[in-house]
Amino acid sequence: MKVHLSAAMLRLLVTALAIFPCFFGSALRGAGIIELLEGVAALFEEWTWPDVFSAHVYRASSGVQGEHHA
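The model shown is predicted, which means the values in this text are computed figures rather than measured ones.

A. Examining the overall build of the protein more closely. Across its full length, the protein holds two helices and two strands. Along its sequence from the N terminus, the protein presents helices and strands in the succession α-α-β-β. Principal-axis analysis of the C-alpha atoms gives the protein an extent of 45 × 45 × 20 Å. The buried share of the protein, taken over its 70 residues, is 6%. Within the protein, residue pairs in contact and separated by at least 24 positions form 27% of the contacts whose partners lie at least 6 positions apart. Surface exposure of the protein reaches about 6700 Å², of which carbon and sulfur atoms provide 63%.

Written as structure tokens, this is what we have:
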């Protein structure tokens, strides 16, 4: 059985922490970046950030033997 949910219902479910969107791609190869940004814009409500804001940003890379570093 297929269930079709409206964009408004999906936003409501994400806001209520009832569902958690998952996006796949590769930042190193630039795959899926547009889809991620469009999905975030469509599914998450805008809010006003506090005056003090912080975040963690990680860079992933590969070593000479193909091992992954974060």
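B. Unusual backbone geometry, seen in detail. Non-glycine residue Leu17 carries a positive phi angle of around 60°. Inspection of the secondary structure assignment puts Leu17 in the loop between α1 (7–15) and α2 (33–43).

C. Summary view of a nonpolar patch on the surface. A cluster of nonpolar side chains, contributed by Phe23, Ile33, Leu36, Leu37, Val40 and Phe44, occupies part of the molecular surface with about 470 Å² of accessible area. When you line up the elements, Ile33 lands in helix α2.

D. How the structure looks around the environment of Ala16. Residue position: Ala16 is located in the loop between α1 and α2. According to the relative accessible area criterion, Ala16 is exposed, its value standing at 55%. The spatial distance from the C-alpha of Ala16 to the C-alpha of Ala55 is 22 Å, given a sequence separation of 39 residues.

E. Fine view of the pattern of salt bridges. Overall, the coordinates contain one salt bridge when judged by the stated rule. Its salt-bridge partner being Glu45, residue Arg11 comes within 3.5 Å of it at the nearest N-O pair. One end of the pair, Arg11, is in helix α1; the other, Glu45, is in the loop between α2 and β1 (61–62), with 34 residues separating them in the sequence. Note on Glu45: relative accessible area 44%, which makes it partly exposed.

Rules of the game
Residues numbered from 1 in each chain as written. Predicted model: local features only at pLDDT ≥ 70, side-chain atom pairs only at ≥ 80, totals over all residues. Heavy atoms only, no water. Helix = DSSP H or I, 4+ residues; strand = E, 2+ residues; numbered from the N terminus. Buried < 20%, exposed > 50% of the residue type's maximum accessible area, 1.4 Å probe, protein only. Contact = heavy atoms within 4.5 Å. Areas by Shrake-Rupley, 256 points an atom, 1.4 Å probe, with all protein chains shown as cover. Patch = residues over 30% accessible without salt bridge, like charges linked within 9 Å, V, L, I, M, F, W, Y side chains within 5 Å. Salt bridge = Lys/Arg side-chain N within 4 Å of Asp/Glu carboxyl O.

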